[in-house]
Amino acid sequence: MQMARAVIRLRLYAGPGRLTAPIRPRPRGCGHEQPDSGRRGLSTGSATAHGTPAALRRLLRVSDEVADAVKLNKPVVALESTIYTHGALGKDLAQEHQDLVRSHGGIPAVVAVVDGVPSVGVSAHDITRMMEDEGTVKASRRDIAYLVGMGLAGRKIHGGTTIAGTMLLARLAGIRVFGTGGLGGVHRGGEDSMDVSADLTELGRTRLAVVCSGCKGFLDIPRTLEYLETQGCLVSTFTDGRTGKVDFPAFWARESGTPSPSVVNSEKEAAAIIFAQERLGIESGMLFANPIPDEFAVPSGEMRVAIEQAVQEAVDNGFTGSKNTPYILQRLRQLTGERVVLANKALVAANISRATDIAVELSRLLQSASRSQPVMNNTNRLDVASNKPEQPNAATATIDTKVDVVVAGAVAVDLNCDYTGTASKPGEVAPQAYTSNPARISQSIGGVGHNVALAAHLASRQARVRLCSVVGDDVAGSTVLSSLRDSGLDASHVRRLNQQSHPGSRTAQYVAVNDGSGNLVMAMADMGILTEHASPEHWESAVAAMAPKWLVVDGNWTPRDIRSWIQAGREHNAQVAFEPVSVQKSRGLFCAHQTGVPKLGVFPHASVHLASPNVYELAAMYAAAKDNGYLELGRWFEVIDAFGMRGARDRFVRQTSAELTDAGVPVQSVQLLPYIPTLLTKLGSKGVLLTTILDRDDPLLRDRDAEEFILTRAAVDHPCVGGVYMRLFPAAEEVQDIVSVNGVGDTFLGVMVSGLAQGGRVERLVDVAQRGAVLSLKCRESVSPSLGQLEEQITRAISRR
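Residues numbered from 1 in each chain as written. Predicted model: local features only at pLDDT ≥ 70, side-chain atom pairs only at ≥ 80, totals over all residues. Heavy atoms only, no water.

### Structural notes on the overall build of the chain
Inference 1: Within the chain, the secondary structure is distributed over 30 helices and 26 strands.
Inference 2: Across the 801 residues that make up the chain, the buried fraction comes to 58%. (Helix = DSSP H or I, 4+ residues; strand = E, 2+ residues; numbered from the N terminus. Buried < 20%, exposed > 50% of the residue type's maximum accessible area, 1.4 Å probe, protein only.)

Below is the structure:
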């Protein structure tokens, strides 16, 4: 193949050209840069509640600080904005409250609708703008869609969120604790007027812990508590050292005359209740009443007189509905003077402080639970159809911990049929077609995704690995889950599909027929459960919550689902590796362009950072990219042009061999680099060919020992591309007695990704990964259980400078 025809014009840039765990900032001026608003779409820490579809992420704005804190289960405290926009407690109160949260070790998240955009993590500056805008309205649940819709239509309105509005948006953002002033409730005469605050119904349907000083004293407190009981909302009051009967507080007063339904003695107890509510999947809210500090409380008798007068005047003057509470609050300030204002400030500060202390305790509990397998979560429920516990899954798991590697792919029951030959033909190694052959048949747990995950898990104890896959509610599924538990591989995101909701779902199975030398003759794979019953968009919340450094996607999914997985990784800042699986399935990455299928990014915004095909899969990927027009796009040409390569055959031969060059391996690799900046082409006994883009600042460009592997250098003034590094690594060992080739390539990728996730560089890890593949070649299992012996080698490879 002539280089002039195959590589017409190459312009290249790929992510950071070197694959290390940290994601380096993209250089400016590289072309095709995507604008960054400085804010992220929704990132979540709890998958059921907090994982959301792309449509929501486009509407809900979450600050980077809050998004990162939620991902890492840090203590985040939601703060409502109505208290600032429609209160009378001072212009600097928003900043004071945020500083207060930080002083207690938490992350503040003010919630509001800013310029028609629902926002979590609003700045004090934006709150000031809202306070100064006379058009700012109160925003409860019913108002959110109206304000957002108006914003989309071009009419941008500010909304200070009430408790109900704040709960709704905070929950969507993944926040668990909310500190505020006082709760709305059932108004006096509410049994006739039906004047009931939306705060109460929100507490009945939105799982969030609200810390407040009870409800306003002019409300009907007994009926408010009855209403909350009907809504299924936990109500508990902090004892603050008191014993015996403890009243539910009445905002300005510590006692209301109405006993609290339950009590808590400490923030640690409150955090444990929140944790239990989440793990049990109980979706109603929790109300923790925090009585106003003694020194600021207004005596009940004195407050009662002022309240009765204010309430009667409200009735006499016709202040009902939404106008009732503002009128009464204003009149109480007039009747009691500065005492109520001081009390308001003090109780809000006390509630926010206590909410932050609860959030800190909850954060410790969540992080502690994530280090050991939780006893129970909201997915450990009985499935009605099968009467068996449904396995935890990414779409419904409540708590996730950050991991290093997530592998999305197949797990299957493998049957390996090793031909043993016949007595009449002892030297024969190939089984005979159209007849029964003697064989040694063994069963194991395999599947590409499983093998990669297990190899990454076994190769290093430092890498935290999780497998995302699906199994059926059948014997094979039980076998798979039992094996995963025995191996120590985290199976919390392996979904078990029952027949009622997913008819026809069967655990994947793979049958391999190997010749007498252990080489694969033919294989049959039943992976229908991944192509017919899996939708990776359901896993997006899991990717967000786990925040992996690397996401490995295998080709067993449908092309649409492969792209969905890749998009999820891209949106949540993971480096993405693609394992092609087979010649046929490798083409799925470069499928025909379809409406609704996420597009593949081109360097410097490549969606896939690494792939590990064999020569046949590489050729199939190249053919698919060519046939479906990927090698004709303008951005692809711009990347290729940066290489400045003309008549490169001699260079290809020098870097690889005449045989590989004639087979088209180097040119195919270079052609795909704009979409996959690092390619590790597995050559069997001939080793591994690494082809990767170096960014302009990569130290290999200045390393004299690396000079021989620099295929080409970009123009010195190119803003992004430094050059292309192509290196043929010889086989780590010539294996004479091969036991099985199944899982060898998967082992190679698993070991490689395990090292990359810990900060290693790809060229320093190739030899270690090949040694892992050799161990699996000598083993009957798909992945050698002896991979742990590589840990020290991985550590040395990572530490090399």
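### Here we look at the nonpolar core
Inference 1: Within the largest apolar cluster, 68 residues are counted, with the highest numbers of intra-cluster contacts made by Trp565, Leu589, Phe590, Phe643, Tyr675 and Ile676.
Inference 2: The element contributing the most residues to this core is helix α23 (residues 615–627), with five residues. (Core = buried A, V, L, I, M, F, W, Y, C linked by side-chain atoms within 4.5 Å.)

### Let's talk about a nonpolar patch on the surface
Inference 1: A cluster of nonpolar residues, Val511, Val521, Met522 and Met524, forms a patch on the protein surface that exposes about 360 Å² of accessible area.
Inference 2: In terms of residues, the nonpolar patch owes the most to one element, strand β19 (residues 520–526), which gives three residues.
Inference 3: Summarising the element assignment, Val511 is placed in strand β18 (residues 508–514).
Inference 4: Judged by its relative accessible area of 30%, Val511 is partly exposed. (Patch = residues over 30% accessible without salt bridge, like charges linked within 9 Å, V, L, I, M, F, W, Y side chains within 5 Å. Areas by Shrake-Rupley, 256 points an atom, 1.4 Å probe, with all protein chains shown as cover. Salt bridge = Lys/Arg side-chain N within 4 Å of Asp/Glu carboxyl O.)

### Notes on unusual backbone geometry
Inference 1: Residues Phe603 and Pro604 are joined by a peptide bond in cis, for which omega reads 20°.
Inference 2: Structurally, the position occupied by Pro604 is in the loop between α22 (583–586) and β22 (610–611).
Inference 3: The backbone of Asp115 shows a phi angle near 55°, a positive value even though the residue is not glycine.
Inference 4: At Tyr434, a residue that is not glycine, the phi angle is positive and equals roughly 65°.
Inference 5: Looking at the element boundaries, Tyr434 is found in the loop between β14 (412–419) and β15 (439–446).
Inference 6: On the accessibility criterion, Tyr434 (87% relative accessible area) is exposed.

### Description of the environment of Arg702
Inference 1: In this fold, Arg702 is placed in the loop between β24 (688–695) and β25 (710–713).
Inference 2: In this structure, Arg702 is in contact with Arg696 and Asp697, ignoring residues within four places of it in sequence. (Contact = heavy atoms within 4.5 Å.)

### Structural notes on the sheet that holds β24
Inference 1: On the basis of which strands lie adjacent, the open sheet formed by 10 strands has the order β17-β16-β13-β20-β21-β22-β23-β24-β26-β25 and mixed pairing. Taken across any chain shown, the strands that pair with only one partner, and hence form the sheet edges, are β17 (494–497) and β25.
Inference 2: Strand contacts of helix α17 (residues 448–459): β13 (405–408), β16 (465–472), β20 (550–554) and β21 (575–579), with the helix running at about 150° to β16, the strand carrying the most contacts. (Pairing = 2+ DSSP bridges. Axes fitted to C-alpha atoms, helices over the stretch in contact; angles between N-to-C directions.)

### Notes on the pattern of salt bridges
Inference 1: What the rule picks out here adds up to 32 salt bridges.
Inference 2: Measuring nitrogen to oxygen at the nearest pair gives 3.7 Å for the salt bridge that ties Arg254 to Asp240. In this pair, Arg254 is assigned in the loop between β10 (234–238) and β11 (263–264) and Asp240 in the loop between β10 and β11, connecting sequence segments 14 residues apart.
Inference 3: Judged by relative accessible area, which is 12%, Arg254 ranks as buried.
Inference 4: Asp240 sits in the partly exposed class, given a relative accessible area of 37%.
Inference 5: Glu267 is the partner of Arg354 in a salt bridge, and the nearest nitrogen-oxygen pair spans 3.2 Å. Here Arg354, found in helix α16 (residues 338–371), pairs with Glu267, found in helix α13 (residues 267–279); they are 87 residues apart in sequence, far enough to count as distant.
Inference 6: Residues joined by salt bridges that share partners form a network here, namely Asp240, Arg254, Glu267, Asp294 and Arg354.

### Thoughts on the sheet that holds β14
Inference 1: In spatial order, the strands read β15-β14-β18-β19; together these four strands make up an open sheet with mixed pairing. Looking at strand neighbours, the two that pair on one side only are β15 and β19, the edges of this open sheet. Taking each pair of neighbouring strands and ignoring which way they run, the sheet shows an average axis angle of 15°.
Inference 2: Where β14 lies against β18, seven bridges are found, and the strand directions are parallel. Residue pairing across strands places Cys417 opposite Val513, the latter belonging to β18.
Inference 3: Where helix α18 (residues 475–487) meets the sheet, it contacts β14 and β15, and its direction lies at approximately 70° from that of β15.

### A few points about the packing of aromatic side chains
Given two aromatic rings, one states the distance between the centres and the angle between the planes to describe the pair.
Inference 1: Counted under the stated rule, the structure contains seven aromatic pairs.
Inference 2: Measuring from ring centre to ring centre gives 5.7 Å for Phe590 and Tyr675, while their planes differ by 80°; the resulting arrangement is edge-to-face. You can see Phe590 sitting in the loop between α22 and β22 and its partner Tyr675 sitting in the loop between α27 (665–672) and β23 (678–682), a full 85 residues away along the chain.
Inference 3: Ring centres 4.8 Å apart and planes at 70° place the aromatic pair Trp636 and Phe637 in the edge-to-face group. Residues Trp636 and Phe637 agree in their burial class; the two are buried.
Inference 4: Three or more aromatic residues link up through ring pairs in this structure, and these residues are Phe590, Tyr630 and Tyr675.
Inference 5: For the cation-ring pair, Arg354 lies above Phe238, with the distance from its terminal atom to the ring centre recorded as 3.9 Å. (Phe/Tyr/Trp six-rings, centres within 6.5 Å; stacked < 30°, edge-to-face > 60°. Lys NZ or Arg CZ within 6 Å of the ring centre and 35° of its normal.)

### A word on the confidence of the model for the chain
Inference 1: Of the residues in the chain, 83% reach a pLDDT of 70 or more, and the chain-wide mean stands at 83.
Inference 2: Looking over the chain, one finds the lowest element-wise mean pLDDT in helix α1 (residues 3–6), namely 36, and the highest in β22, namely 98.
Inference 3: Between residues 1–53, whose pLDDT stays under 50, and residues either more than four places distant or in other chains, the model counts 205 contacts.
Inference 4: Segment residues 372–400: pLDDT under 50, and 89 contacts once partners within four positions in sequence are set aside and those in other chains are kept. (pLDDT = per-residue confidence, 0-100.)

### Concerning the packing of helix α11 (residues 198–205) against helix α12 (residues 221–230)
Inference 1: Contact geometry for α11 and α12: axes closest at 9 Å, N-to-C directions at 30°. For the element pair α11 / α12, the angle class is roughly parallel. Considering how the two elements wind past one another, α11 and α12 form a crossing that is right-handed. Of α12, the residues touching α11 (which contributes Leu200, Thr201 and Leu203) are Thr224, Tyr227 and Leu228. (Parallel < 35°, antiparallel > 145°, perpendicular 65-115°, else oblique. Left-handed = near helix turned anticlockwise from the far one by under 90°.)

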